[in-house]
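Chain by chain, the residues:
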Amino acid sequence: MTILTVLLCIILLIVMISIFKINAFLSFLVVSIIAGISLGLPLNKIAGAVEKGMGDVLGSLIIIITTGAMLGKLVAESGAAQKIAEVMMTTFGKKHIQWAMVITGFIIGIPLYYGIGFVLMVPLIFSVVYRYQLNAIYIGLPMLAALSVTHGFLPPHPSPAALVVQFDANMGLTLFYGMIVAIPAIVIGGPIFAKTLKNIQAKPLDSFRTKEMPSEELPGRWVSLFTALLPVILLALASLLPLMLPIDSTIAPVIGFIGNPSVVMMIVLIIATWLLGTSRGKKMNDIMLLYGEAIKDIAMILLIIAGSGALKEVLVQTGVSQEIAKYLQGINVEPLILGWLIAALIRFAVGSATVAGLTTAGIAYPLMVNAQTNPNLMVLAEGAGSLMFSHVNDSGFWLFKEYFNLSLKDTFRSWALMETIVGVVGLIGILILNTLL
């Protein structure tokens, strides 16, 4: 009954948004309350769960998304995005631009959380799309597939990193095996799958559509590339430098502070304001007006993401994930497949890859020990399962839908199916590795 109730709530959400055309944020609020009542959450806790869910998801994303939108707007309006698009096209050629996007997404996805990487890369995707009149889904989905797979499979991302510790796995081996599994998943779920989506006509946010500028008015290639990649550089340094310092180093807390994604984005925005703004003769007042427009463009996106967080928290507090996991624990299946399946169903129910991975850990650990399953592969199996079935209760689903300005149908056809493909291909790769080790 629990799974059926969750399924009915999700169907209701889809019907409210797609058929009755009710605003997605309002639909989330209504369905979150209905879900809380239906699943037995005490009435005096439902409002608190909704507020907590909204606060949790926005607390970790609002600075990143808003500063990322400002940076994206500045990169677009200054001509830096146009310059980067020209450099990429010159380097890889129009024929291979998809692969350029995949490589960029994979490299950037290793140090960056998915939400940060998405916000930073969207202006680059759209600049290539507008500059060379290419299909937005065909160009953008491969990069986002790479970002998503690195988030689900590879340390140092939260879920795989935590699972390595809980399963007593080896971080280096998990990363190595993860790379092996991630590459075919990205290739099949990205460039190959995207070839079937050329009929989907996305109309990306106008915020990133700019008039083409004469070449002589564009910023230099190194300034443009440096500004766009600076967040990646700072976050990578913040991850690597602590490993080279003694445990009692006095500068480690400073690096940790500067390396916080929100702080990084604020630092980058300040530097970009100077490099692409004031140093090129733009008035500060005009730059601030530009930033104000960027916020207006993403205000509804923030609310929709908050709504998805509200539904996720209601489902978490009602114990849906634990109930699903305990039910499946008694099934006699290969532990790697069972770990993947539990993570996949919890991901479907609560909409969070991280919650799915971490919730599954406690159930899968005794199964793994009893069957003497390779712990490194179990980390990857849960990571692959946690990417499955992305739909309306996942903030990543709404980021993709709203930025690319798609219908619900086309978002399911592209984003949701891509996430399912990488999850299935990932599992197949893990099972093959298991037979070879």
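Further up the page is the structure itself.
First, a word on scope: everything that follows refers to the structure included in this document. (Residues numbered from 1 in each chain as written. Predicted model: local features only at pLDDT ≥ 70, side-chain atom pairs only at ≥ 80, totals over all residues. Heavy atoms only, no water.)

In this section: unusual backbone geometry. With a phi angle near 55°, Phe389 is a residue other than glycine that sits in the positive phi range. With respect to the element layout, Phe389 can be found in the loop between α17 (375-385) and α18 (395-404). (Helix = DSSP H or I, 4+ residues; strand = E, 2+ residues; numbered from the N terminus.)

Another point: the nonpolar core. Nonpolar side chains in soluble globular proteins tend to end up buried together. Among the nonpolar cores identified, the biggest contains 143 residues, and Tyr403 and Phe404 are the most heavily contacted of them. Beyond its immediate sequence surroundings of up to four residues, Phe404 is in contact with Phe118, Ile125, Phe126, Ala136, Ile137, Gly140, Leu144, Ala202, Lys203 and Pro204. (Core = buried A, V, L, I, M, F, W, Y, C linked by side-chain atoms within 4.5 Å. Buried < 20%, exposed > 50% of the residue type's maximum accessible area, 1.4 Å probe, protein only. Contact = heavy atoms within 4.5 Å.)

Contact pair helix α15 (residues 335-350) / helix α19 (residues 408-436): the axes reach a minimum separation of 11 Å and the direction vectors enclose 165°. Considering the angle they form, α15 stands roughly antiparallel to α19. Relative to α19, the crossing made by α15 is right-handed. Judged by residue contacts, Leu336, Ile337, Trp340 and Arg347 of α15 engage Glu419, Gly423, Val424, Leu427, Ile430, Leu431 and Asn434 from α19. Residue composition of the contact of α15 with α19, grouped by class: seven nonpolar, two polar and two charged. (Axes fitted to C-alpha atoms, helices over the stretch in contact; angles between N-to-C directions. Parallel < 35°, antiparallel > 145°, perpendicular 65-115°, else oblique. Left-handed = near helix turned anticlockwise from the far one by under 90°. Nonpolar A, V, L, I, M, F, W, Y, C, P; charged D, E, K, R; others polar.)

Attention now moves to the packing of aromatic side chains. In total, this model carries ten aromatic pairs according to the counting rule given. Here the aromatic residues Phe126, Tyr130, Phe400, Phe404 and Trp415 are joined through ring pairs into a cluster of three or more. Directly above the ring of Tyr138 sits Lys198, whose terminal nitrogen or CZ lies 4.6 Å from the centroid. (Phe/Tyr/Trp six-rings, centres within 6.5 Å; stacked < 30°, edge-to-face > 60°. Lys NZ or Arg CZ within 6 Å of the ring centre and 35° of its normal.)

Right, let's talk about a nonpolar patch on the surface for a bit. On the surface, a cluster of nonpolar side chains totalling about 960 Å² of accessible area is made up of Phe226, Leu229, Ile233, Leu237, Leu240, Leu241, Leu243, Met244, Ile271 and Trp274. Those elements that provide at least two residues to the nonpolar patch are α10 (221-244) and α12 (261-277). Counting residues per element, the nonpolar patch draws most heavily on α10, which supplies eight residues. By the secondary structure assignment, Leu241 is in helix α10. According to the relative accessible area criterion, Leu241 is partly exposed, its value standing at 33%. (Patch = residues over 30% accessible without salt bridge, like charges linked within 9 Å, V, L, I, M, F, W, Y side chains within 5 Å. Areas by Shrake-Rupley, 256 points an atom, 1.4 Å probe, with all protein chains shown as cover. Salt bridge = Lys/Arg side-chain N within 4 Å of Asp/Glu carboxyl O.)

The next point concerns α12. Taking 1.5 Å of rise per residue, the 17 residues of α12 would be expected to cover 24 Å, and the 23 Å separating its terminal C-alpha atoms lies within 8% of that figure. Across the 17 residues of α12, twelve count as buried, placing the element largely inside the fold. All buried positions along α12 are accounted for by Pro261, Ser262, Val263, Val264, Met265, Val268, Leu269, Ala272, Thr273, Leu275, Leu276 and Gly277. The N-capping residue of α12, defined by a side-chain oxygen 2.9 Å from the backbone nitrogen of Ser262, is Asn260. (Expected span 1.5 Å × (residues − 1). Polar contact = N/O pair within 3.5 Å; in protein donor to acceptor, adjacent residues only side chain to side chain.)

Scope: geometric values only; no functional claims are made or implied.
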